[in-house]
Amino acid sequence: MSVLAACAAMFWMPAAAMAAGQGDSVSRDGLVLSWEASESPEAAADRRIADQSNQGNDGTLLRNTTIKTGPPRLEFDGKGAVIAARPLRPERLTMAALFRVDRTSGPLQLIVTTHAPPVRTMAKAVPGNSRQWFLQIRGEPPQADGYLGFLELGIFGEDGRWHSLMSETRIAKGWHHALGTFDGKRLRFFLDGVEQSRAKSSPAGVYPGHVHRPPDELVNLFAVGSNSFRNSNGFEGAVAVARLYDRALGDDEIRGNFTYAKTLFPGVARQTPRSRPV
């Protein structure tokens, strides 16, 4: 067993050991996708992960992605991804992930992103692009600045620009919980229960508008792990939970998501210096 796997086992609380109802801390209002790694052998055999939002948007494991147990998680080696069955185009959103970082230097790593469908039918050329959102660890290439190794959350606006916030410090190896919201006016970003406000431009996180909604001919699928197998931007680590809402969660709901993450991995709260809890 690797050192990281051993640490995960130390900090993981099996579902059977959790008190009944602890999952109730996670709001389901506006939930359009919810993937939680399962210990079910059927999930590993089918190479699919069920969508627990009841929206029928199951995930398909691609390439080297595997489902592991003890704790339940999706393992990524930089050459795999999980993609949704159907595209999602919320104008406002909340995106959350419980994940383990194995690499903090080198090329960019995409944790949550969008990925082209296995087959795309192009009836005609259309203007625009497929960009929507990302949760990433900044790296070189393609970045070459003072923020390498920082966790960054971004949305692509209808104004044709990325709007993003970064962690206050470089991400550490180990388990983390990240959550971002956009309410049509402001982007917010939380790492391990602490609001983050670092940005490369000001005013930080302010954007009155909507998340870009690509046309049918260009829209991609919600994904974790990679946006393409043609580059080196794949994630190296693990994902236990990934969620998407079509609205911005409030402070109590944000706390509820982090509380649930801590029931799965109590050690996640110790990963980041805490100064401004939500």
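Residues numbered from 1 in each chain as written. Predicted model: local features only at pLDDT ≥ 70, side-chain atom pairs only at ≥ 80, totals over all residues. Heavy atoms only, no water.

Caption draft 1: Spotlight on the nonpolar core. Counting residues in hydrophobic clusters, the biggest one holds 40 residues, and the most contacted among them are Phe99, Leu135, Leu151 and Phe222. When residues of this core are assigned to their parent elements, the largest contribution, five residues, is made by strand β7 (residues 93–101). Setting aside anything within four residues of it in sequence, one finds phenylalanine 222 in contact with Leu33, Trp35, Val82, Ile83, Ala84, Leu88, Val112, Thr113, Trp133, Ala242 and Leu244. One finds Val26, Ile254, Ala261 and Phe265 within the second-largest nonpolar core, a separate group that totals 19 residues. (Core = buried A, V, L, I, M, F, W, Y, C linked by side-chain atoms within 4.5 Å. Buried < 20%, exposed > 50% of the residue type's maximum accessible area, 1.4 Å probe, protein only. Helix = DSSP H or I, 4+ residues; strand = E, 2+ residues; numbered from the N terminus. Contact = heavy atoms within 4.5 Å.)

Caption draft 2: Fine view of unusual backbone geometry. Cis geometry marks the peptide bond from glutamate 140 to proline 141, where omega comes out at 0 degrees. Within the element layout of this structure, proline 141 appears in the loop between β9 (133–137) and β10 (150–156). The backbone phi angle of arginine 47 is positive, close to 55 degrees, even though this residue is not glycine. For arginine 47, the location among the structural elements is in the loop between α2 (41–46) and β2 (48–49). The exposure class of arginine 47 is partly exposed, given its relative accessible area of 29%. Unusually for a residue other than glycine, aspartate 192 sits at a positive phi of about 55 degrees. Position of aspartate 192 among the secondary structure elements: in the loop between β13 (187–191) and β14 (194–196).

Caption draft 3: A look at the environment of glutamate 36. Among the secondary structure elements, glutamate 36 is positioned in strand β1 (residues 31–36). As a C-alpha pair, glutamate 36 and proline 72 span 36 residues in sequence and 8.2 Å in three-dimensional space. Look past the residues within four positions of glutamate 36 in its chain and what remains in contact with it is Ile49, Gln52, Ala240, Val241, Arg243, Tyr260 and Leu264. There is a polar contact of 3.2 Å between the side chain of glutamate 36 and the side chain of arginine 243. A polar contact of 2.8 Å, which involves the side chain of glutamate 36, links it to the side chain of tyrosine 260. (Polar contact = N/O pair within 3.5 Å; in protein donor to acceptor, adjacent residues only side chain to side chain.)

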